[in-house]
Amino acid sequence: MTLRLPSSNMRKLSCLLPWLTLLVLSNGLRSAEPSEWSFRNHVLPVLSKAGCNTGGCHGALAGKGGFRLSLNAYDPAADWYHITRETKGRRIDLSQPAASLLLTKPTASTRHKGGKRLDPRSEDYRILAEWIASGAPGPSAQDATLSQLEVIPARSSVTKGATLQLQVKAHYSDGSVEDVTKWAKFASADETVAKVDPANGQVEIIGHGEGAVTAWFSSQIVMARVISPFPADIPAEVFAKEKRSHFVDDLVLSQLEQLHLRPSPPASDGDWIRRVYLDTIGVLPTPSETIAFQQDTRPDKDERLIDQLLAREEFVDYWTYRWADLFLVNGRLLRPEAVKSYYQWLRERIRDNVPWDELVQEVLTAKGGSIEEGATNFYAVHQDPETMAENVSQAFLSLSINCAKCHNHPLEKWTNDQYYAFANLFARVRAKGWGGDARNGDGIRTLYVEPVGDLIQPGKGKPQPPAPLDAQPIPADDTGDRREVLAQWLTSPKNPYFTRSIANRVWAAFFGAGIVNPVDDLRVSNPASNEPLLQALSAYLANQDYDLKALMRLILTSQTYRRSSEALPENQKETKYFSRYYPRRIMAEVLHDAIATVTQVPGRFDKIALQDGSTEKTDYYPTGTRALQLYDSAVSSYFLKTFGRNERAITCECERSSQPSMIQVLHLANGDALNDKLSQKMGQVTDLLKTHSTPADLVRQAYLMCLSRPPTEDEMAGFVDLLAAAPPTEKRAAVEDLFWALMTSREFLFQH
């Protein structure tokens, strides 16, 4: 017989269920010592795992339903206050813990818009209930602090289809160690390799490569690496026989062997000379330079050419332009004379091969007039302490700390306190003169440093002691220039980010992809594709006293850089382990100059596009100026804008685009960028018609100019027939068509 209770009794029983659950759990624990739950180390992790303090719930800036928690528990003291003291303490009931709103809401015993987040039979419920029963003690200075987070296994090699259970352990300052797996949050850094259950840390291997899974607990992140080899069976002698120049090749080949990826063969001389010219100095090799290199039989001809390129004037132009993206040399933010001064300061440093650490120290500690001291314009582009701090971190450490301005960083370890301590290093930077309107004034501005002054942290109403990230604070009463302390800390070889940041940027400039991608994102949860390689490059650069040319030469002389872009069956699916050279569209300015060089018709740069959409005449750039010689990203150019020029509005690699688009195709096919230049009577086509009498000579020269190689037999035959069949009145049009075909081809438009 089934016993049925009246519905009214059922409702009463359901209301008593949380109390009964707590009673059962408590009775089961009576033989043990009572647990002492820490608000900081136990209660907040339970709320974090339940999602109560996320941005979509009570962790939102305004909270939810009148209840606000700090995002991801970044402010334990405030959270304790909101839970125990607000609304006259209604959220907890010390005499009847199970009646506390902190328990009845997430268990859905009381109406809750967020739904059921907590099971009354769970350990999480027990922790909260017992914490309330013990008097709901708050965080204190005596709490054990989380000193280390550990994930087990930290590194594993598994096959596709396998599963793996991760365990997370928290090591505290009092020596205790706790298994916190159930309160950790898990995420996969590359879901093409591995997926992870965010609730329990179970990993499923779904692809091939080197993946990583991050575990987050109490604002700390730890990473487990997972290796899943590709299915190819490659004999060990393949890797043993590969030519190696130095440690770069050793480390790349070691990973390729571990992942079962066959390296592509070396590039042809024609492909390589075109590649190294474009990557190192931003110009195409001339036909005579290409022929000379191909005919050179000396075993060290690659190294000789690299040294010549590193010493050329075009190297200075090219790398000044590239680093100007980082320093935001921009006429929409500065007046023309200041832009010119800023650019010339940077160009002189590149020309003199000033070590990177010295260059960064100089800009960080700059003082004086904006025209006489070009580096001071860094502080005209960034005019408040917060913006200065954010851009210094992004540009020179590849760290985005912006999120920590309002709350602890949700993906990294940076706290709101650290953000304001870092920004306070710039609080005394002042300027007088030009006010910042890029449309008016002379742009003359004098930068100086006050002996006193602090930045107030809004949430606390007082300043944080000024300090670099993860470093000791500077005494608040120190009247010296705080930026000098910052510069020494930032450029130290012991800084875990500075050297890695620039080493990764330089590598990416030559390969089109960083060892870490995006290249300006070195957060812990964004792992390197080859960590030993990035560590070795960083150590090498530090040992070379931050000589960037030395690092460039190391990369250029590697067999890794010499590899073909040809994809093999055993490596065609990988895109980040450098088994081959990855083709990419040539950057906008280099492509512009390549077209101008081949056609012998230079571009015109005579206008500046201002922030409000208006333009201003400029006479800084005489006819013949290459795009890579422009001081300023605000120079008006439809071509450069269409092909993804970095506008230098913010410090971010995302400002530059190398993605092909339909607009670009139409611009080359029907626009004036190419067609008008080919039809110019004073251009290349006219010269070739005068100097190359036979169709074969003309075709060969066109191929060498555009593609740095002679035509194949089929290519030669096809174009020779085309030119030979053209009547005299159509001969020029046929030659224009030849160049148009070559210069709109993927082989011309792409670096390969």
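Residues numbered from 1 in each chain as written. Predicted model: local features only at pLDDT ≥ 70, side-chain atom pairs only at ≥ 80, totals over all residues. Heavy atoms only, no water.

J.: Describe a nonpolar patch on the surface, naming the residues involved and giving the relevant values.
T.: A surface patch of nonpolar side chains, amounting to about 310 Å² of accessible area, comprises Met-662, Val-665 and Leu-666. Tracing the sequence through the fold places Met-662 in helix α24 (residues 662-670). (Patch = residues over 30% accessible without salt bridge, like charges linked within 9 Å, V, L, I, M, F, W, Y side chains within 5 Å. Areas by Shrake-Rupley, 256 points an atom, 1.4 Å probe, with all protein chains shown as cover. Salt bridge = Lys/Arg side-chain N within 4 Å of Asp/Glu carboxyl O. Helix = DSSP H or I, 4+ residues; strand = E, 2+ residues; numbered from the N terminus.)

J.: Account for the packing of aromatic side chains, with residues named and values stated.
T.: Under the counting rule described, the total for this entry stands at 34 aromatic pairs. Ring geometry for Tyr-561 and Tyr-581: centres 5.9 Å apart, planes at 85 degrees, overall edge-to-face. Of this pair, Tyr-561 sits in helix α21 (residues 559-562) while Tyr-581 sits in the loop between α21 and β16 (584-585), and the two are 20 residues apart along the sequence. Both residues of the pair, Tyr-561 and Tyr-581, belong to the buried class. Arranged with centres 4.4 Å apart and planes meeting at 25 degrees, the rings of Phe-639 and Phe-643 form a pair that is stacked. Taking the relative accessible area as the measure of exposure, Phe-639 reaches 8% and is therefore buried. Exposure remark for Phe-643: the relative accessible area of 2% places this residue in the buried category. Across from the ring centre of Tyr-620, 5.2 Å away, lies the NZ or CZ of Lys-340, which sits over that ring. Lying over the aromatic face of Phe-750, Arg-746 brings its terminal NZ or CZ to 4.7 Å of the ring centre. (Phe/Tyr/Trp six-rings, centres within 6.5 Å; stacked < 30°, edge-to-face > 60°. Buried < 20%, exposed > 50% of the residue type's maximum accessible area, 1.4 Å probe, protein only. Lys NZ or Arg CZ within 6 Å of the ring centre and 35° of its normal.)

J.: I'd like to hear about the pattern of salt bridges, residue by residue, with values.
T.: Inspection of the entire model under this criterion finds 44 salt bridges. Here Lys-576 ties to Asp-190 by a salt bridge, and the two come within 2.7 Å at their closest N and O atoms. With a gap of 386 residues between them, Lys-576 in the loop between α21 and β16 and Asp-190 in the loop between β6 (185-188) and β7 (194-196) connect regions that are remote in the sequence. Residue Lys-576 is classed as partly exposed on the basis of its relative accessible area, which comes to 23%. Residues Glu-348 and Arg-349 are paired through a salt bridge, measuring 3.4 Å at the closest nitrogen-oxygen approach. Classification of Glu-348 as partly exposed rests on a relative accessible area of 35%.

J.: Lay out the pairing of strand β9 (residues 209-217) with the relevant residues and their values.
T.: The buried count for β9 comes to 9 of 9 residues, which makes it a mostly enclosed element. Of the two faces of β9, the one holding Gly-209, Gly-211, Val-213, Ala-215 and Phe-217 and the one holding Glu-210, Ala-212, Thr-214 and Trp-216 are both buried throughout. Sheet analysis places β6 next to β9, joined by 4 bridges and oriented antiparallel. The partner of Lys-185 across the bridge, within β9, is Trp-216. Here β9 runs beside strand β10 (residues 220-228); their pairing, made up of 9 bridges, is antiparallel. (Pairing = 2+ DSSP bridges.)

J.: Which residues make up the side chain of Asp-317, and what are the values?
T.: Within the fold, Asp-317 resides in helix α11 (residues 313-327). At 2.8 Å, the side chain of Asp-317 forms a polar contact with the side chain of Arg-626. Look past the residues within four positions of Asp-317 in its chain and what remains in contact with it is Arg-347, Arg-626, Leu-628 and Gln-629. (Polar contact = N/O pair within 3.5 Å; in protein donor to acceptor, adjacent residues only side chain to side chain. Contact = heavy atoms within 4.5 Å.)

J.: Go over the pairing of strand β8 (residues 202-205), please, and point to the residues and values.
T.: Side-chain alternation along β8 places Val-203 and Ile-205 on a buried face and Gln-202 and Glu-204 on a face that remains uncovered. Relative to β8, strand β3 (residues 163-165) is paired through 3 bridges, and the arrangement is antiparallel. For Gln-165, the partnering residue across the bridge sits in β8 and is Gln-202. What sits between the antiparallel neighbours β7 and β8 is a turn of 5 residues, in which Gly-201 has the positive phi angle 80 degrees.

J.: Quick one: what's the story with helix α2 (residues 39-49), residue by residue and with numbers?
T.: Summarising burial for α2: 9 of the 11 residues are buried, a large majority. Along α2, the residues classified as buried are Phe-39, Asn-41, His-42, Val-43, Leu-44, Pro-45, Val-46, Leu-47 and Ser-48. The opening residue of α2 is Ser-38, an N-cap whose side-chain oxygen sits 3.2 Å from the backbone nitrogen of Arg-40. In the segment just after α2, Gly-51 is the residue with positive phi, at about 85 degrees.

J.: Hey, could you go over the nonpolar core for me, with residue numbers and the actual values?
T.: Within the largest apolar cluster, 159 residues are counted, with the highest numbers of intra-cluster contacts made by Trp-323, Phe-327, Trp-356, Phe-396, Leu-490, Phe-739 and Phe-748. It is α11 that contributes the most residues to this core, 9 residues altogether. Other than its neighbours up to four places away in sequence, Leu-490 contacts Val-360, Leu-364, Val-392, Phe-396, Leu-397, Asn-495 and Phe-498. One finds Trp-37, Phe-39, Ala-50 and Phe-67 within the second-largest nonpolar core, a separate group that totals 50 residues. (Core = buried A, V, L, I, M, F, W, Y, C linked by side-chain atoms within 4.5 Å.)

J.: I'd like a rundown of the environment of Pro-198, residues and numbers included.
T.: In this fold, Pro-198 is placed in the loop between β7 and β8. Along the backbone, Pro-198 and Lys-185 are 13 residues apart, and their C-alpha atoms lie at a distance of 5.6 Å. If we ignore the near neighbours within four places in the chain, the residues touching Pro-198 are Lys-49, Ala-184, Lys-185 and Phe-186.

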